[in-house]
Amino acid sequence: QVQLVESGGGLVQAGGSLRLSCTASGNIFSFDAMGWYRQAPGKQRELVAVVTRGYSINYADSVKGRFTISRDNAKNTVYLQMNSLKPEDTAVYYCAAERGSSRVWGQGTQVTVSS
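Residues numbered from 1 in each chain as written. Predicted model: local features only at pLDDT ≥ 70, side-chain atom pairs only at ≥ 80, totals over all residues. Heavy atoms only, no water.

A. Spotlight on the environment of Ala33. Looking at where Ala33 falls in the secondary structure, it is placed in strand S4 (residues 33–39). Not counting residues within four places of it along the chain, the set of residues in contact with Ala33 comprises Val50, Val51, Thr52, Arg53, Ala96, Ala97 and Glu98. (Helix = DSSP H or I, 4+ residues; strand = E, 2+ residues; numbered from the N terminus. Contact = heavy atoms within 4.5 Å.)

B. Representation of the state of the cysteines. Enumeration according to the criterion identifies one disulfide in this entry. Each sulfur of the disulfide joining Cys22 and Cys95 lies 2.1 Å from the other. Residues Cys22 and Cys95 are joined by a disulfide whose S-S torsion is about -75 degrees; by sign, that bridge is left-handed. Here Cys95 lies in strand S9 (residues 91–99) and Cys22 lies in strand S3 (residues 18–24), a separation of 73 residues in the sequence. Classification of Cys22 by relative accessible area gives buried; the value is 1%. (Disulfide = S-S within 2.5 Å. Buried < 20%, exposed > 50% of the residue type's maximum accessible area, 1.4 Å probe, protein only.)

C. Structural view of the sheet that holds S3. Ordered in space as S1-S3-S8-S7, the four strands form an open sheet in which the pairing is antiparallel. Here the strands that pair on one side only, and so sit at the sheet edges, are strand S1 (4–7) and strand S7 (67–72). In this sheet, adjacent strand axes meet at a mean angle of 15 degrees when their direction is disregarded. Note that S7 and strand S8 (residues 77–82) share six bridges and pair antiparallel. Its bridge partner being in S8, Asp72 is matched across the sheet by Thr77. (Pairing = 2+ DSSP bridges. Axes fitted to C-alpha atoms, helices over the stretch in contact; angles between N-to-C directions.)

D. The nonpolar core, seen in detail. Leu4, Met34, Trp36, Leu80, Met82 and Tyr93 are the most contacted members of the largest nonpolar core, which has 29 residues in total. Counting residues per element, the ones that place at least two in this core are S3, S4, strand S5 (46–52), S7, S8, S9 and strand S11 (109–114). Setting aside anything within four residues of it in sequence, one finds Tyr93 in contact with Glu6, Leu20, Trp36, Tyr37, Arg38, Val48, Phe67, Leu80, Met82, Gly108, Thr109 and Val111. (Core = buried A, V, L, I, M, F, W, Y, C linked by side-chain atoms within 4.5 Å.)

Here it is in C-alpha cells:
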C-alpha cells in the first residue's frame, strides 16, 4: 500500500504563507485524485482541496482565492500553497490518495496561524 508523508507545516502569523508537500511512496497517477483535508480541534475532518488525475480541481469555499493545490506526477508529490492565512486555518492538514470510495491517509502536519 502506498504511504504518504506530509511536510511543510508550522507556525505562521496571520497573513503569512506556507507550502505543504505530500510525497507518496508510489505512483500518484494511479489514483483517481489526490486531496488535502484538515481537522481542527473539536471539529470533523473537512476537504480543503482536491486535484484529479485529469487535473480537475475543487476547493472548499473557505480557501478559494487563497490556497492552490498542484501535483507533480514525476515526483509523486502534491502541494498545497497557502497564502493569506487566517487563524481559522489552524488545523492538522492531511494528504489523501483516493481511489473509488477508498482513501489512503498521511500522518498529518500541524499548521498554526497566530493572530
